[in-house]
Amino acid sequence: MKKNATSPAWLRAALDYLPQWLDLQLERYRQPGCSVAIARGGETVAELALGVSDMRTHKRLTPRHRLRIASHSKTFTAAGVLLLREQGQVGLDDPIGRYVDGLHKDLARARIGELLSHSAGVTRDGPDAGQFLDRRPYLSRAELLADLRAKPPLEAGVQLKYSNHGYGLLGLMMEQVTGTDYATWMQRHVIAAAGLEETASDMPHLPRRAPLAVGHSSEFPFGQRLIVPGDNPCDAMAPAAGFVSTASDVARFFSQLAPDSPHSILSPASRREMAQRRWRDPCNLFESHYGLGTMLSAPGPREWMGHTGSLQGFLSRTARYPALDLTVTVLTNAQDGLSTEWVEGIASILFAFQQHGAPGKREAAWAGRWWSLWGASDLVPMGKVVCQVAPAMFVPFNAATTELAVTGRDTGVVQKASAYASPGQPVRRVRDASGTPTELWVGGTQLLPKDAMLAEATRRYRKARNAPR
């Protein structure tokens, strides 16, 4: 992992553990690859890539590989619209019909701000969403306008109603206002202005030599992962879904949207507007809001602002956590990529280390991975405790995380744990003649190195399988 050496000690310690956790996640859930970046103040503080860019060639995925970031494109488009507003060229209360002709009369009355916040009542994907299933090319400008001549499904200003067509319409508006095509204007005034060198608004604008990761289907129900090329242009839908980028560029861009970021293409006022919770999804079990081109969580100590993205063969997510002053981006090249789960897991790691701090010298000596029949168990030192976590969990650190207090070189006690675990019981390590730890006992449970656990379990169950009946 590439890390910024000037980061605080707790963050450097968290970043030391992060690749270990992700590596097991990738293997456990049989994922092709993932690219991860963490940014602060508009600058990358860490980036890494794991797995492969193409399962056919097994070529290693690198942080420089571009991946489709899908609906992250909406945040870029929203930033472009707000920049036009700052320049006095449009107003968020302006009706979209003032700039784009040929719309249904009800849609023509919808305001630009309503389109940005998905409250204009626009059809999500038109009468044929086959473009998002690789059954047809993405819509041309003429095809998009033809769809927008139909009466919108809902009135504007009634509820949150996500719409790719709505963002495609914003792209048409931007072309009319600027007098140039969407891609050219965005490249000059948003992408380049933000200092992003690995981002393009759609596939045709990606440099030929830029490395591109291919997409993959889910493994189920095909019995294997199919290659999803992911190189198709999004055409008129590029403002909603076309962007191609690296995790580092995406994390830096979203980090720049923080109101106190030292560098941004937008004023602090516009950035605060993007982060306002305008509409809530009434059907989401978890409180979920939408701003102007941004997704937001419920308010709270771990609140976040960001976006998700899904395009055939790719899943991605970005979240900026104000309490950490960190932005986390995870890009994956699989239809069942665990981008959302991994962002949440990374956040749990960061918050845990922020709370406890970097480990002391005595605690640091306990770091390691141990195994039982139930899977892997990581000892993660931080501050004055050693946390015991299951790295196969999507959120490894939570309120029920077991904490061990070190009492000696190879002894400790479970000082915090679920009532169903082993609170108050002793912890010990057993070493071989060379001084290498070979056993870990937590309460009455013995854990072993991976090879020893595999050998023990294989002997036991092979014998049981061959026993006479």
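A brief look at the structure comes next.

The rules behind the values
- Residues numbered from 1 in each chain as written.
- Predicted model: local features only at pLDDT ≥ 70, side-chain atom pairs only at ≥ 80, totals over all residues.
- Heavy atoms only, no water.
- Helix = DSSP H or I, 4+ residues; strand = E, 2+ residues; numbered from the N terminus.
- Rg over C-alpha atoms; globule rule 2.2 N^0.38 Å.
- Buried < 20%, exposed > 50% of the residue type's maximum accessible area, 1.4 Å probe, protein only.
- Contact = heavy atoms within 4.5 Å.
- Areas by Shrake-Rupley, 256 points an atom, 1.4 Å probe, with all protein chains shown as cover.
- Lys, Arg positive; Asp, Glu negative; His and termini not counted.
- Charge placed at Lys NZ, Arg CZ, Asp CG, Glu CD.
- Expected span 1.5 Å × (residues − 1).
- Salt bridge = Lys/Arg side-chain N within 4 Å of Asp/Glu carboxyl O.
- Phe/Tyr/Trp six-rings, centres within 6.5 Å; stacked < 30°, edge-to-face > 60°.
- Lys NZ or Arg CZ within 6 Å of the ring centre and 35° of its normal.
- Pairing = 2+ DSSP bridges.
- Axes fitted to C-alpha atoms, helices over the stretch in contact; angles between N-to-C directions.
- Polar contact = N/O pair within 3.5 Å; in protein donor to acceptor, adjacent residues only side chain to side chain.
- Core = buried A, V, L, I, M, F, W, Y, C linked by side-chain atoms within 4.5 Å.
- Patch = residues over 30% accessible without salt bridge, like charges linked within 9 Å, V, L, I, M, F, W, Y side chains within 5 Å.

1. Quick look at the overall build of the chain
Summing up its helical and strand segments, the chain has 13 helices and 22 strands in all. Relative to the globule expectation of 23 Å for 469 residues, the C-alpha radius of gyration of the chain, 25 Å, shows essentially globular dimensions. Principal axes of the C-alpha set define a box for the chain whose edges measure 80 × 55 × 45 Å. Burial status across the chain gives 54% buried among its 469 residues. Within the chain, contacts between residues at least 6 apart in sequence are counted, and of these 60% link residues at least 24 apart. On the chain, roughly 20700 Å² of surface is accessible, and the fraction owed to carbon and sulfur atoms is 52%. Counting 54 positive and 44 negative side-chain charges, the chain places the averaged centre of each group 6 Å from the other.

2. Describing helix α11 (residues 339-356)
In this model α11 runs 26 Å from its N-terminal to its C-terminal C-alpha over 18 residues, within 8% of the 26 Å that 1.5 Å per residue would give. Within α11, the full set of buried residues consists of Ser339, Trp342, Val343, Gly345, Ile346, Ala347, Ser348, Ile349, Leu350, Phe351, Ala352 and Phe353. Looking at the buried residues of α11, the elements they touch are α1 (9-28), β2 (33-40), β13 (314-321), β14 (326-332) and β16 (375-382). Once α11 finishes, Gly357 follows within two positions and takes phi at roughly 90°, a positive value.

3. A word on the pattern of salt bridges
What the rule picks out here adds up to 29 salt bridges. A salt bridge links Asp54 to Arg56; its shortest N-O distance comes to 2.7 Å. According to the relative accessible area criterion, Asp54 is buried, its value standing at 9%. Here Arg56 falls in the exposed class, since its relative accessible area comes to 56%. A salt bridge links Glu175 to Arg141; its shortest N-O distance comes to 3.8 Å. Of the two residues, Glu175 is situated in helix α6 (residues 164-178) and Arg141 in helix α5 (residues 141-147); the sequence distance between them amounts to 34 residues. The class for Glu175 is partly exposed, based on a relative accessible area of 24%.

4. Structural notes on the packing of aromatic side chains
Scanning the entire structure with this criterion turns up 8 aromatic pairs. Each ring, one from Tyr17 and one from Phe397, has its centre 6.3 Å from the other, and the planes form 85°; the classification is edge-to-face. Of this pair, Tyr17 sits in helix α1 while Phe397 sits in the loop between β17 (385-389) and β18 (402-406), placing them 380 residues apart in sequence. Their ring planes at 85° and their centres at 6.2 Å tell us that Phe253 and Phe254 sit as a pair that is edge-to-face. Since its relative accessible area comes to 1%, Phe253 is described here as buried. One aromatic cluster is present, formed by Phe76, Phe243, Phe253 and Phe254 through successive ring pairs. Above the face of the Trp366 ring, Arg429 is positioned so that its terminal group lies 4.1 Å from the ring centre.

5. Structural notes on the environment of Val430
Inspection of the secondary structure assignment puts Val430 in strand β20 (residues 426-431). Judged by relative accessible area, which is 24%, Val430 ranks as partly exposed. On a C-alpha basis, the gap between Val430 and Gln388 in space is 17 Å, while along the polypeptide they are 42 residues apart. For Val430, the contacting residues outside a window of four places in its chain are Thr436, Pro437, Thr438, Glu439 and Trp441.

6. Quick look at the sheet that holds strand β19 (residues 411-416)
Across the sheet, which stays open at both edges, the 8 strands sit in the order β15-β16-β17-β18-β19-β20-β21-β22 with antiparallel pairing between neighbours. What marks the edges here is a single partner per strand, and that holds for β15 (368-372) and β22 (445-447). Within this sheet the neighbouring strands show an average axis-to-axis angle of 30°, counted without direction. Here β18 pairs with β19 via 4 bridges, running antiparallel.

7. Here we look at helix α9 (residues 247-256)
In terms of burial, α9 is largely enclosed, as 10 of its 10 residues are buried. Every buried residue of α9 is accounted for by Ala247, Ser248, Asp249, Val250, Ala251, Arg252, Phe253, Phe254, Ser255 and Gln256.

8. Some details on the side chain of Asp249
Inspection of the secondary structure puts Asp249 in helix α9. Residue classification places Asp249 among the buried positions, given a relative accessible area of 2%. A distance of 2.8 Å separates the side chain of Asp249 from the side chain of Thr199, its partner in a polar contact. Setting aside residues up to four positions removed in sequence, Asp249 forms contacts with Leu196, Glu197, Glu198 and Thr199.

9. Examining the environment of Thr407
Position of Thr407 among the secondary structure elements: in the loop between β18 and β19. For the pair formed by Thr407 and Gly42, sequence separation is 365 residues and the distance between their alpha carbons is 42 Å. Here the side chain of Thr407 touches Gly412 through a polar contact of 3.4 Å, landing on its backbone nitrogen.

10. Re the nonpolar core
Grouped burial of nonpolar side chains is what soluble globular proteins tend to show. Counting residues in hydrophobic clusters, the biggest one holds 114 residues, and the most contacted among them are Ile112, Met173 and Leu350. A per-element tally of this core places α1 first, with 10 residues. Counting residues in hydrophobic clusters, the runner-up holds 11 residues, among them Trp370, Leu379, Val406 and Val442.

11. Comments concerning the side chain of Ser218
Counting through the fold element by element, Ser218 comes out in the loop between β6 (215-216) and β7 (227-228). Discounting residues that sit within four places of it in the chain, Ser218 has contacts with Gln224, Arg225, Gln335 and Asp336.

12. Description of a nonpolar patch on the surface
On the surface, a nonpolar cluster with roughly 450 Å² of combined accessible area is contributed by Leu373, Trp374 and Tyr461. Along the polypeptide, Tyr461 turns up in helix α13 (residues 450-466).

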